[in-house]
Amino acid sequence: MTPPTRRDLLRLSALAALAGPLAACGTGFSTDPDPLAPLAEQATADADAARTVAGDLAQQVAAVRAAHAQALRAEVDRLNRPKSTAGSATPAQAGIAGLKQRLVTARKQAEGLVTTLPRYRAALAAAVAAGCAGLQKVSDQLGPGDDPAPVAATAAVVPAAAVAPLQIALDAEHAAVWVYSLVSAFLPSNYGAGVDEGSAEHQDRRDACVRMLTAAGATAHVAEAAYVTPKPVTDAVSAKSVVAAAESDATAAWQGVLDNTDDAELRGVALRAMLGSARRGTRWRQAANLSPAVLALPGLQPN
């Protein structure tokens, strides 16, 4: 059997994600303030503040937060609900130190909404949080930020609609474990700790997926003998690039889980996975000299 390609996995994840926005259109009008409006306002304020600070780090923050503002504003405008009266938070410090604090605030703000919003909006908030978490790993001047708790099987209820997306997440985890094993032969020894850490995390996620699917009465997918990488791995640079792609694919797969469950615990599992892969992916993109180093909306944004 021909191994599934990375494009196959992403296509399946994208199909699963389509149900979210369409379902959201039927929620009807609410008179409650839109909880995403403060996120959009904060993102706009952060982007504006970053543009006033000199240097590449600040401009990376400006680009990512501007992308967040655009995506959030489009969703807020789509539902056209009453706007919150809460203003954006302004840190006491200026310059890079102020931007660092802004990322802490924005990430916490977005993470806090993931378990409470309708599915598509929860996935958008998670992508914003992951983008902020990725920025925190660009430099210690902006972070490093908190690493999310490890992904583990929980008492989460896996609804029927989430079984297929969780299988796709499992496929992505199988592929990531295989990729980390593949690239170890092409990377210098100083990357050993990073490879071991990434491999262990994806193995833990893989095992958690298997346990959750088994508890839901599903037969968990098994790993393929090999996977097709987006480019041949021939040296250290291509190896780093392939690992970055594997982390991005995992983020997209877990975003598909968020699009298909209302269970708070399962959403928490998916969020932690997205945050972890976004943060590792940033470091691998930096190492491979990929541009941009940070994906603004991991899981929603192509590599």
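Residues numbered from 1 in each chain as written. Predicted model: local features only at pLDDT ≥ 70, side-chain atom pairs only at ≥ 80, totals over all residues. Heavy atoms only, no water.

1. Here's the deal with the pattern of salt bridges
Across all of its chains, the model carries 14 salt bridges by this definition. Salt-bridge contacts for Asp46 lead to Arg102; the nearest nitrogen and oxygen are separated by 2.7 Å. Here Asp46, found in helix α2 (residues 36-51), pairs with Arg102, found in helix α4 (residues 95-111); they are 56 residues apart in sequence, far enough to count as distant. Of the two residues, Asp46 and Arg102, neither departs from the other in class, the shared state being buried. The residue Arg78 makes a salt bridge to Glu75 at a minimum N-O spacing of 2.9 Å. (Salt bridge = Lys/Arg side-chain N within 4 Å of Asp/Glu carboxyl O. Helix = DSSP H or I, 4+ residues; strand = E, 2+ residues; numbered from the N terminus. Buried < 20%, exposed > 50% of the residue type's maximum accessible area, 1.4 Å probe, protein only.)

2. Topic: the environment of Asp46
The class of Asp46 is buried, set by a relative accessible area of 1%. C-alpha of Asp46 to C-alpha of Arg102: the two residues are 56 residues apart in sequence and 6.7 Å apart in space. Excluding anything up to four places from it in sequence, Asp46 contacts Arg65, Leu99, Arg102 and Ala106. (Contact = heavy atoms within 4.5 Å.)

3. Describing the side chain of Glu247
For Glu247, the position within the fold is in helix α8 (residues 236-258). We classify Glu247 as buried; its relative accessible area is 0%.

4. Here's the deal with the packing of aromatic side chains
For the coordinates displayed, the defined rule picks out 3 aromatic pairs. Between the aromatic rings of Tyr180 and Trp284, the centroid separation amounts to 6.2 Å while the plane-to-plane angle is 70°, which identifies the pairing as edge-to-face. Taken together, the residues span a long stretch of sequence, with Tyr180 in helix α6 (residues 160-183) and Trp284 in helix α9 (residues 264-287) at a distance of 104 residues. A single burial state applies to Tyr180 and to Trp284, both of which are buried. Pairing Tyr191 with Trp284 gives two aromatic rings, centres 5.8 Å apart and planes at 25°, and the pair type is stacked. With Tyr191 in the loop between α6 and α7 (192-215) and Trp284 in helix α9, this residue pair connects regions lying 93 residues apart in the sequence. (Phe/Tyr/Trp six-rings, centres within 6.5 Å; stacked < 30°, edge-to-face > 60°.)

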